[in-house]
Amino acid sequence: MTAQTHWQAWHEPYADEGSPLSRRLRLVQQHIASWLDQRSDERLTVVSACAGQGHDLIGVLASRPDAQRVHGTLLEYDAGNVAAARAAADQARLSNLVIKQADAGQLSSYVGAVPADLVLMVGVFGNISDADVKRTIAALPRLCAEGASVIWTRARRAPDLTPAVRGWLRDAGYVEEAFHAPDDVRFSVGVHRFEGAPQPLDAAGTVFTFLH
Ligand SMILES: C[S@@+](CC[C@H](N)C(=O)[O-])C[C@H]1O[C@@H](n2cnc3c(N)ncnc32)[C@H](O)[C@@H]1O
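The sections below set out a description of the structure shown in this document.

Basis of the calculations
- Residues numbered from 1 in each chain as written.
- Predicted model: local features only at pLDDT ≥ 70, side-chain atom pairs only at ≥ 80, totals over all residues.
- Heavy atoms only, no water.
- Helix = DSSP H or I, 4+ residues; strand = E, 2+ residues; numbered from the N terminus.
- Rg over C-alpha atoms; globule rule 2.2 N^0.38 Å.
- Buried < 20%, exposed > 50% of the residue type's maximum accessible area, 1.4 Å probe, protein only.
- Near = heavy atom within 4 Å.
- Polar contact = N/O pair within 3.5 Å; in protein donor to acceptor, adjacent residues only side chain to side chain.
- Areas by Shrake-Rupley, 256 points an atom, 1.4 Å probe, with all protein chains shown as cover.
- Core = buried A, V, L, I, M, F, W, Y, C linked by side-chain atoms within 4.5 Å.
- Contact = heavy atoms within 4.5 Å.
- Pairing = 2+ DSSP bridges.

All right, on to the overall build of the chain then. Of the regular secondary structure elements, the chain holds 6 helices and 7 strands. Ordered by position from the N terminus, the helices and strands of the chain form the series α-α-β-α-β-α-β-β-α-β-α-β-β. Computed over its C-alpha atoms, the radius of gyration of the chain comes to 16 Å, within 12% of the 17 Å expected for a compact globule of 212 residues. Each principal axis of the C-alpha distribution contributes one length, and for the chain these read about 45 × 40 × 35 Å. Taking all 212 residues of the chain together, the buried fraction comes to 50%.

Next up on the list: the site of the ligand. Lining the immediate environment of the ligand, one finds 19 residues, of which Y14, C50, E76, D103 and V122 sit closest. Side-chain polar atom of Y14 to an oxygen atom of the ligand: 2.6 Å apart, as the coordinates give it. For the ligand, the accessible surface in isolation is 590 Å², of which the surrounding protein chains cover 95%.

Burial of nonpolar side chains together is a common tendency in soluble globular proteins. Of all hydrophobic cores here, the largest spans 34 residues; its most connected members are Y110, V119, M121, F125, I137 and L140. For this core, the elements supplying multiple residues, two or more each, are β1 (44-49), β4 (116-121), α5 (130-143), β5 (144-153) and α6 (162-171). Counting residues per element, this core draws most heavily on α5, at 5 residues. Dropping the residues within four chain positions of it, M121 is found in contact with A49, Y110, T136, L140, L143, I151, W152 and T153. Listed in part, the 30 residues of the second largest apolar core include I32, L36, L57 and L118.

On to the pairing of strand β3 (residues 97-101). Of the strand pairs in this sheet, strand β2 (residues 70-76) and β3 are connected by 5 bridges, and their pairing is parallel. In the sheet register, L75 faces β3, and the bridge partner there is K100.

What follows is the structure, encoded as structure tokens:
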């Protein structure tokens, strides 16, 4: 038996449908599903940074008859979570998803996976320094195709960074389509659409490092 890592155990509240993490997941999944509905005729590309076990994207695609038009790369560092995501993708027959064990803070990890039509930054911004959040947002135009959407999350523990996050996204060329910040929980979920010009991926450099 392998030791359960912190980041595998982190996923346990998903087993409780009433947990804040499950509520956050449902919001993220609703936005992934509406994005698919809005872009109904196209072959689409998704990249998920720090994808964990892939509950959001895999959970949506598993029940979509049009799942095969989605080509996605899930970047995840933890070997156990990579194995869990691969098993879930295999079970759902999502042959166009690549689950890559890689450091999503390194731009080189995105080679071949971008430009993406949807970038998932879910469970990332709360685990890195504020400076790294700003740096990562500034780098998003290198990951995004024209008209791409970004779905992101951030806990609103004090001092709440989400006003700054939303401002940095605006400065980087993104228009806010949704922002959920329920009163009774700390999580928030944002959806932004890219209206700027995509930039080439300069595959060198680190945009973030996890603090824990
Ligand atoms: C807060 S969890 C979020 C998981 C998933 N996105 C979700 O919301 O269900 C953060 C994940 O990032 C992974 N991780 C940590 N540092 C990473 C890195 N540098 N590159 C890729 N994944 C990383 C952890 O193993 C963990 O699975």
